[in-house]
Amino acid sequence: MENLEQYTPIELLKILNDVKSEHDKLKIEILDNTNQVDMLDKKINDDLILLGELEKNYIELNEEINNR
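A few points on the structure. Just so you know, these numbers come straight off a predicted model, no measurement behind them.

Reading the values: rules and limits
Residues numbered from 1 in each chain as written. Predicted model: local features only at pLDDT ≥ 70, side-chain atom pairs only at ≥ 80, totals over all residues. Heavy atoms only, no water. Helix = DSSP H or I, 4+ residues; strand = E, 2+ residues; numbered from the N terminus. Rg over C-alpha atoms; globule rule 2.2 N^0.38 Å. Buried < 20%, exposed > 50% of the residue type's maximum accessible area, 1.4 Å probe, protein only. Areas by Shrake-Rupley, 256 points an atom, 1.4 Å probe, with all protein chains shown as cover. Salt bridge = Lys/Arg side-chain N within 4 Å of Asp/Glu carboxyl O. Patch = residues over 30% accessible without salt bridge, like charges linked within 9 Å, V, L, I, M, F, W, Y side chains within 5 Å.

1. As for the overall build of the protein
The helix and strand inventory of the protein stands at 1 helix and 0 strands. Here the C-alpha atoms of the protein give a radius of gyration of 28 Å, more than 25% beyond the 11 Å that 2.2 N^0.38 yields for 68 residues. For the protein, the spread of C-alpha atoms along the principal axes amounts to about 90 × 15 × 10 Å. Going through the 68 residues of the protein one by one, you find that 0% of them count as buried. Surface summary for the protein: the accessible area is close to 6,700 Å², and the carbon and sulfur share equals 61%.

2. A closer look at the pattern of salt bridges
All chains considered together, the criterion is met by 6 salt bridges. Asp24 serves as the salt-bridge partner of Lys20, at 3.0 Å between the closest nitrogen and oxygen. With Lys20 and Asp24 both in helix H1 (residues 9-67) and 4 residues apart, this pair spans about one turn of that helix. Exposure remark for Asp24: the relative accessible area of 26% places this residue in the partly exposed category. In this structure, the salt-bridge partner of Asp47 is Lys43, at a minimum N-O distance of 3.0 Å. With Asp47 and Lys43 both in helix H1, this residue pair falls 4 residues apart, about one helical turn.

3. Brief notes about a nonpolar patch on the surface
Residues Leu40, Ile44, Leu48 and Leu51 make up a contiguous nonpolar surface patch of roughly 370 Å² in combined accessible area. Summarising the element assignment, Ile44 is placed in helix H1.

4. Considering the environment of Tyr58
Residue position: Tyr58 is located in helix H1. For the pair Tyr58 and Leu40, spaced 18 residues apart in sequence, the C-alpha to C-alpha distance is 26 Å.

Right, dumping it as structure tokens:
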């Protein structure tokens, strides 16, 4: 970080508030992105389960048709 001696207490407070604001915004953005990743991960896992069930049904139906 740069030399802070050149700033007045008021200027330092302003810089501090700006940094805190950016920090809070970034933290919220990271949490939102993490939630989106978690939701997407759950959807993918649910879709994989459904895909497995559909593949099982497909194989059973093919076997039934071939046996007739």
